[in-house]
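Fold and contact review
Each chain, written out:
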Amino acid sequence: MSDVTDTKKKSMKGLAVVVLVVVLVLPLGPCQGALQDGYCKGKCGSTDVEDTIKNVVLSKFNQDRSIVAALLRMQFHDCFVKGCDASILLDGSSSEKAAIPNLSVRGYDIIDEAKAALEKACPGVVSCADIIIAATRDAVSFSGGERYEIQTGRKDGLVSQASNVNLPSPSISVSDSIAAFAKKGLTTEDMVLLLGGHTVGVAHCSLFQDRLYNYQGTGQRDPNMSLLLAVTLSLRCPKNASVDNTANLDQNPLSALVVDNDYYKQLLLRRGVLQIDQALAMDARTRPTVASLASRSDFTSQFAEAMVKLGAVEVLTDEQGQIRRSCRSVN
Ligand code: HEM
């Protein structure tokens, strides 16, 4: 009888030790596991992880408002290729970074700076993949967008190959684009909302010049582009220019740096810069969403929801990834 009581007492003691270890160790463990709202909270000692990232982004934003576009595009290019695993950040002559669509991706220095601050405060705790998502959210919120709650707990990937980069081209059809987003678990509506990322930022002339001078080999401009826009863009992008200039994706100069629904208004006026942008306003499957977003005031909250969905694409679980110490190389 007393043997049984002893064993019970011992196992209770054992349980108490386990509980204590879990309580003491877990809050200091890495921000990993299933995605959760505010999962990094309390995991970096007295340092607030999300605030640390926000401060870095704010100081960069104060120097250069175009970082909003840079980070939005970075999140898209990271999440669409092997999931949101920071594979876009790995250096290497044949890593994702070196793939053609990624050559104009910017903002790596922002992630490096945030990572350095966090490594100083709590080494090996916050993944680079989470930093991309948090930094993008902050940038969006500084430029008119909503400060949405993000989920954290991503791990960083170990693989980054340029040959894996299969990002949509600017002349992708609406059908192919719908299919590409569907493959990532995103609906047609999500796609229209996420392309709203083109409410900020620029595109190089080389990526839409065909629409000005030789649309689909016709020797004419794209009939879906307003004449006024075609004339304006051709001044920025002369036919045989030796320099590849850029033009704002949102052609309202007053809101080209603001996260708002003006992009959709421009599409309805046939003032979309990329072929796929304009196609959204022409296709029966996407036009109703474009029209509705152009006339409603809740784009920023809907965009926020779509960004959270994008941030959940093919996220790595514990065993498949790591928390990198430098975002540019695997440990
Ligand atoms: C079918 C999907 C998409 C296509 C074909 C596409 C294509 C492009 C192209 C061709 C550029 C210009 C790049 C350059 O000139 O170097 C661009 C820029 C940009 N894209 Fe997209 N994009 C797509 C979806 C998205 C999504 C989902 C987001 C974000 C949520 C996004 C955000 C941006 C931003 C912010 C820029 C401007 C970047 C800067 O100023 O540095 N795009 N996109």
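Data block above holds the structure.
Now for a description of the structure that goes with this document. (Residues numbered from 1 in each chain as written. Predicted model: local features only at pLDDT ≥ 70, side-chain atom pairs only at ≥ 80, totals over all residues. Heavy atoms only, no water.)

Direction vectors running N to C along helix α3 (residues 67-79) and helix α5 (residues 128-142) enclose 145 degrees, while the axes themselves pass 9 Å from each other. The handedness of the crossing between α3 and α5 comes out as left-handed. Touching Val68, Leu71, Leu72, Met74, Gln75, Asp78 and Cys79 of α3 are Ile132, Ile133, Ala135, Thr136, Ala139 and Val140, all from α5. For the contact of α3 with α5, the residue count by class is 10 nonpolar, 2 polar and 1 charged. (Axes fitted to C-alpha atoms, helices over the stretch in contact; angles between N-to-C directions. Helix = DSSP H or I, 4+ residues; strand = E, 2+ residues; numbered from the N terminus. Left-handed = near helix turned anticlockwise from the far one by under 90°. Contact = heavy atoms within 4.5 Å. Nonpolar A, V, L, I, M, F, W, Y, C, P; charged D, E, K, R; others polar.)

Taken together, 25 residues are adjacent to the ligand, and Ser104, Arg106, His198, Val202 and His204 come closest. Separating an oxygen atom of the ligand from a side-chain N or O atom of Ser104 is a distance of 2.6 Å. Taking Arg106, its side chain carries an N or O atom lying 3.0 Å from an oxygen atom of the ligand. At the level of secondary structure, the elements contributing two or more residues to the shell around the ligand comprise α3, α6 (174-183), α7 (188-195) and β3 (202-204). Looking at the shell around the ligand, the element that brings in the most residues is α3, giving 4 residues. Residue composition of the shell around the ligand, by class: 16 nonpolar, 7 polar and 2 charged. Residue-level mapping places the shell around the ligand at the junction of two domains, with at least three residues from each of domain 1 (36-167 + 311-320) and domain 2 (174-307). (Near = heavy atom within 4 Å. Polar contact = N/O pair within 3.5 Å; in protein donor to acceptor, adjacent residues only side chain to side chain. Domains from an automatic or database assignment.)

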